[in-house]
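Here is how the chains run, residue by residue.
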Amino acid sequence: LPPPSAARLDAMLRQLAHARDDASIALAHGGARVGRHRGRIVVHATPPGDYRAEWHGEPAIALPHGELVFESASGEGFDPYRATAGLVVRPRRGGERLRLGHGLARRPITSLLREADVPPWERAWLPLILAGDELVAVPGLGVDVAWRPALGHAGLVPRWRAKVEPALEA
């Protein structure tokens, strides 16, 4: 990244050092964002823009910021036979909910990602897999219990591979 001017660097450091611990800091600089997470200064790539890709059983989908790969597994992932009309892959828009276990409530993925200690900039990079308006899976977080295959049956586990490392820590 290009170095900031002395005045800009001073302003950035002041904002980063004096923000509350729970504050969300995202300062734009040189095509990236500078923030703070768990007491560390983090430089991360700008989140991808809006995208939409349809999945019809391919082993992988290329997205603008990486690749979503579907790995076969017994009794894990989502049931590909339920996805007869195809699935859609898109970024988070807010309000999406996932139920990770029988007897558990459907919960906002924002809360689930925060509890899983996924940093805010990585949350913005994760693609969501949906059937219509129903959230099927979030790579690295889980598959909605309604979409899981029966015990011993084939399933597909979505794995996210980002094109670029989303962040550098200092």
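Rules and cut-offs
- Residues numbered from 1 in each chain as written.
- Predicted model: local features only at pLDDT ≥ 70, side-chain atom pairs only at ≥ 80, totals over all residues.
- Heavy atoms only, no water.
- Helix = DSSP H or I, 4+ residues; strand = E, 2+ residues; numbered from the N terminus.
- Buried < 20%, exposed > 50% of the residue type's maximum accessible area, 1.4 Å probe, protein only.
- Contact = heavy atoms within 4.5 Å.
- Core = buried A, V, L, I, M, F, W, Y, C linked by side-chain atoms within 4.5 Å.
- Expected span 1.5 Å × (residues − 1).
- Arc of directions from axis to C-beta.

### A closer look at the environment of L16
Then, number 1: Here L16 lies in helix 1 (residues 6–18).
Then, number 2: Note on L16: relative accessible area 4%, which makes it buried.
Then, number 3: Separated by 20 residues in the primary sequence, L16 and R36 place their C-alpha atoms 6.5 Å from one another.
Then, number 4: Ignoring any residue separated from it by four or fewer positions in sequence, one finds L16 in contact with I25, L27, V34, G35, R36 and I41.

### So, the nonpolar core
Then, number 1: In terms of nonpolar packing, the biggest core is built from 29 residues, with W55, F70, F78, L87, V89, I129 and V138 touching the most fellow members.
Then, number 2: Secondary-structure elements contributing two or more residues to this core are strand 4 (53–55), strand 5 (60–63), strand 6 (66–74), strand 7 (87–90), helix 2 (109–115), strand 10 (128–131), strand 11 (134–138) and strand 13 (154–162).
Then, number 3: Setting aside its immediate chain neighbours within four residues, L87 contacts A53, E54, W55, F78, I129, L130, A131, V136 and W147.
Then, number 4: Ranked by size, the runner-up nonpolar core spans six residues in total, among them M12, A19, L27 and V34.

### A word on helix 1
One full turn of an α-helix is made of 3.6 residues, so residues set three or four places apart face in the same direction.
Then, number 1: Taking 1.5 Å as the rise per residue, helix 1 with 13 residues should run 18 Å; its terminal C-alpha atoms sit 18 Å apart, in good agreement.
Then, number 2: Listed in full, the buried residues belonging to helix 1 are A11, M12 and L16. Viewed along the axis of helix 1, the buried residues span an arc of 130°, placing them on a single side of the element. When the buried face of helix 1 is taken as reference, the exposed residues oriented beyond 90 degrees from it are A6, A7, A17 and H18.
Then, number 3: Buried positions along helix 1 lie against strand 1 (27–29), strand 2 (32–37) and strand 3 (40–45).

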